[in-house]
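# Residue-level structural notes
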Amino acid sequence: MKILKVKTDTRISEILIGESIDNVQKYLNNRKTIIITDSNLIGHYKQRFPANAPIIEIGLGEKSKTIQTLETIFDKLIEYEADRSTFILAIGGGIVCDVAGFAASVFMRGMPFGFVSGTLLSQVDASVGGKNGVNFRGFKNMLGVFNQPNFVICDTQMLSTLEPREFRSGFAEIIKAGAIKNPSLFEFCEQNAKKALALNAEVLDKMVYDSVEVKAKVVEADEREKGERRLLNFGHTFAHAIEKLTGILHGEAVSIGMVLAARVSENLGMLSSDDSQRITKVLEDYMLPTRPNTDVVELFDAMKQDKKREGSEIHLVLLEDIGKAVTRKIKYTELEKIVHDLRSDFR
Ligand code: GLY
């Protein structure tokens, strides 16, 4: 097991990579604990949850990231007589962690909380970084807080019970971490696709550790996303629109979004064509989609709508090299033209 510490203004959060769900009790310090989870995790792991802790079950998928789900949680917390000293333990993927982290942050002005992160995507991305929240009126993560959990357990053994598609989608964020900040992680991903997909524990632990390290450093430098943290959004401007239009998994949309962002970087003369192709190739090696499954112009309109509060320009994360991301302000009209020119490549 390896421990990474994320130090922010308010807390030191411990990310425990390779720790087992069976040891979670050790981190609860005998506190009264309430679990928030979903039916998938209950189905596979209920016997291994801390004994005697009441369980609040929330619905599956992005559609459950709502104020209504929060209301259900708050009702249950009142029923279980939770107070400010009660520990909230979220066991699940990104949705469970996001919703539970938000509920714990605002109920009675804040309770301590921690995560057992059960999907690859949440181990490398969703449970690390302190952003917790819910969607509102069709806007993603419109309501939320920055608040780091006390601990995050990343048990890579739990990944064996994931649907293969869900498992593979997590590699998009690992490849992203390499692409923006860590060229040797990127190369490691290029060299180890087969082993990683076959759930080789050593390979997965290293990938999760290196990705979390990239994210931890960025979050420590800029917890509230004033500058540096924006780099983590590589591929995400396109991805959010793709997700909205097509409903594919977040990691899959990020995969396509990264290909588009790399192609835009190439088009602007920032990234070599070889490196842009390496991005596409490694994503294909992890069986991730690399072509927009929607018309590019339609995609672009959705993107504009998503970012409508930013005016005529948007901040786009682009690559100068593998391992070197930068933020550029770019006019919609210019981006629209580039994306339009790329269209023929994706037919
Ligand atoms: N909780 C996810 C993040 O902060 O990025």
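Residues numbered from 1 in each chain as written. Predicted model: local features only at pLDDT ≥ 70, side-chain atom pairs only at ≥ 80, totals over all residues. Heavy atoms only, no water.

## Some words on the site of the ligand
Spelled out, the test is: Residue proximity to a molecule or strand is established when one non-hydrogen atom of the residue lies within 4 Å of it. Throughout this description, a polar contact denotes any pair of N or O atoms lying within 3.5 Å of each other; where both atoms belong to protein, one of them has to be capable of donating a hydrogen while the other can accept it, and for residues adjacent in sequence the pair is counted only when both atoms sit in side chains. Computed with a 1.4 Å probe, the accessible areas rest on the Shrake-Rupley method; for each residue, only the protein chains presented here act as cover. Classes in brief: Ala, Val, Leu, Ile, Met, Phe, Trp, Tyr, Cys and Pro nonpolar; Asp, Glu, Lys and Arg charged; the others, Gly included, polar.
Around the ligand, the neighbouring residues are D125, A126, V128, G129, G130, K131, K215 and R229. Within the backbone of A126, a nitrogen or oxygen atom sits 2.7 Å from a nitrogen atom of the ligand. Here G129 contributes a backbone N or O atom positioned 3.3 Å from an oxygen atom of the ligand. Relative to its free-state accessible area of 200 Å², the ligand is covered by the protein chains to the extent of 88%. Taken together, the residues that form the shell around the ligand break down as two nonpolar, two polar and four charged.

## Section: the nonpolar core
Definition in use: The term nonpolar core refers to a set of buried residues drawn from Ala, Val, Leu, Ile, Met, Phe, Trp, Tyr and Cys, joined through side-chain atoms within 4.5 Å. A 1.4 Å probe rolled over the protein chains alone gives each residue an accessible area, and that area as a share of the maximum for its type sets the label: buried under 20%, exposed over 50%, partly exposed in between. The way it works is that DSSP assigns letters per residue, a run of H or I at least four long becomes a helix, a run of E at least two long becomes a strand, and they are numbered from the N terminus. Every residue pair with non-hydrogen atoms within 4.5 Å of one another is taken to be in contact.
Residues F171, F238, Y286 and L335 are the most contacted members of the largest nonpolar core, which totals 102 residues. Among the elements that line this core, the one with the most residues is helix α9 (residues 201-221), at ten residues. The contacts of F238, once residues within four sequence positions are left out, are G257, L260, A261, V264, L299, M303, L316, L335 and V339. Ranked by size, the runner-up nonpolar core spans 18 residues in total, among them Y27, V116, F151 and I153.

## Overview of the pattern of salt bridges
Keep this limit in mind: The salt bridge definition used is simple: a Lys or Arg side-chain nitrogen within 4 Å of an Asp or Glu carboxyl oxygen.
Summed over all chains, the structure comprises 21 salt bridges. E228 is the salt-bridge partner of K181, the closest N and O atoms lying 2.7 Å from each other. Of this pair, K181 sits in helix α6 (residues 171-181) while E228 sits in the loop between α9 and α10 (236-246), and the two are 47 residues apart along the sequence. Residue classification places E228 among the partly exposed positions, given a relative accessible area of 32%. Residues E266 and R263 are paired through a salt bridge, measuring 3.5 Å at the closest nitrogen-oxygen approach. With E266 and R263 both in helix α11 (residues 250-267), this residue pair falls three residues apart, about one helical turn. Residue classification places E266 among the partly exposed residues on the basis of a relative accessible area of 25%. Salt bridges sharing partners connect three or more residues here, namely E62, K140 and E243.

## Observations regarding the packing of helix α7 (residues 183-191) against α9
Stated precisely, the cut-off is as follows: Helix axes are fitted only over the stretch in contact, all axes being lines through C-alpha atoms; the angle between N-to-C directions runs from 0 to 180 degrees. Should an angle lie under 35 degrees it is considered roughly parallel, over 145 roughly antiparallel, and from 65 to 115 roughly perpendicular; all remaining angles are considered oblique. If you view the pair so one helix is near and one far, a crossing is left-handed when the near helix is turned anticlockwise from the far one by less than a right angle, and right-handed when it is turned clockwise.
Direction vectors running N to C along α7 and α9 enclose 155°, while the axes themselves pass 11 Å from each other. Between α7 and α9, the interaxial angle falls into the category roughly antiparallel. Crossing of α7 against α9: the hand is left-handed. Residues L185, F188 and C189 of α7 touch α9, and the partners they reach there are V203, K206, M207, D210 and S211. A breakdown of the residues in the contact of α7 with α9 according to their chemical character gives five nonpolar, one polar and two charged.

## Considerations on the side chain of T37
Inspection of the secondary structure puts T37 in strand β3 (residues 33-38). The class of T37 is buried, set by a relative accessible area of 0%. Excluding residues that lie within four positions of it along the chain, T37 makes contacts with I42, F49, I55, I56, E57, I58, I91 and V96.

## Things to note about the packing of α6 against α7
Following both chains from N to C, one finds α6 and α7 inclined at 140°, their axes separated by 6 Å at the closest point. As far as their axial angle goes, α7 and α6 are oblique. In the packing of α6 onto α7, the handedness of the crossing is left-handed. Of the residues in α7, those in contact with I174, I175, A177, G178, A179 and K181 of α6 are P183, L185, F186 and C189.

The values reported here are purely geometric and, on their own, carry no functional implication.
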